[in-house]
Amino acid sequence: MLFDISGIRLHVIGQTVALAIEHGREWGQLFVNDLSWKGNKTKMAKHAISESAVYTLRNNIDEQYCGDFFNTAGIPSEIAALLYSHIKLTSTLFTIYGIDTIRATAHPLVLAAASGVSVTELANQLETSSAPSAIQKALQSVSRNQFAEINKLLGARLIAKFKERESVNYTTLSDCGDCVKAFITAYRSA
């Protein structure tokens, strides 16, 4: 069940998601371009997941980093930091596994994977098959308003995952990484 998002300024969340996707893509490219990994995507992904959790714990992205910016957006800074961290990790893994995150039509894929939506569920919402080409075609053909609504619902679902926990746990990045890898596997095999 989605929580009430009426108090959240969605443009700020949208900016956060876009920034996290960009930063994740950049970080993923560092892995891909580093010859010491010898192209081993599994090891790259495992390391990215581990480093994401350690970095988030070590830096505890909190009030000092994003305080007033996110509080004025109607979202607690701890939740915003988790949103950023999960989206960045998801985008990193997409980049490592060769799934484009540059185009805006890829953003719902990133949000779906980060929020635990299956490829089949996303395809059903788009009223198409779960084949990657069909999903991309469907995302490219939706109106701007429909596209914004899809992103809003997927973002709200991800934020709701954090809000429904009694205490927010940064180790959820490991779980997120596993879900994203499963999404990528299903997306590629569809």
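See above for the structure.
Residues numbered from 1 in each chain as written. Predicted model: local features only at pLDDT ≥ 70, side-chain atom pairs only at ≥ 80, totals over all residues. Heavy atoms only, no water.

**Q** Would you mind showing me how to read the pattern of salt bridges here?
**A** As a working rule, side chains carrying opposite charge can pair if their charged atoms are close by. All told, the structure shown has 2 salt bridges when counted by the stated rule. In this structure, D100 and R103 form a salt bridge, with 2.8 Å as the shortest nitrogen-oxygen distance. Two residues, E121 and R157, come together in a salt bridge whose shortest N-O distance is 2.7 Å. One end of the pair, E121, is in helix α6 (residues 119-125); the other, R157, is in helix α8 (residues 144-163), with 36 residues separating them in the sequence. With relative accessibility at 31%, the residue E121 sits in the partly exposed group. (Salt bridge = Lys/Arg side-chain N within 4 Å of Asp/Glu carboxyl O. Helix = DSSP H or I, 4+ residues; strand = E, 2+ residues; numbered from the N terminus. Buried < 20%, exposed > 50% of the residue type's maximum accessible area, 1.4 Å probe, protein only.)

**Q** Please clarify how the packing of aromatic side chains should be interpreted in this entry.
**A** Aromatic rings in a pair are described by how distant their centres are and how their planes are angled relative to each other. Applying the stated rule across the entire model yields 4 aromatic pairs. Centre to centre, the rings of W27 and F31 are 5.3 Å apart; their planes meet at 55°, and the pair counts as tilted. Here W27 and its partner F31 are both found in helix α1 (residues 10-33), 4 residues apart, which amounts to about one turn of the helix. Here the aromatic rings of F94 and F183 are separated by 6.1 Å at their centres, their planes lie at 20°, and the arrangement is stacked. Highlighted residues: F94 in helix α4 (residues 77-96) and F183 in helix α9 (residues 172-189), separated in sequence by 89 residues. Residue classification places F94 among the buried residues on the basis of a relative accessible area of 0%. Among the aromatic residues, those joined into a ring-pair cluster are W27, F31 and W37. Looking at K88, its charged tip hangs above the ring of W27, at a distance of 5.2 Å from the centre. (Phe/Tyr/Trp six-rings, centres within 6.5 Å; stacked < 30°, edge-to-face > 60°. Lys NZ or Arg CZ within 6 Å of the ring centre and 35° of its normal.)

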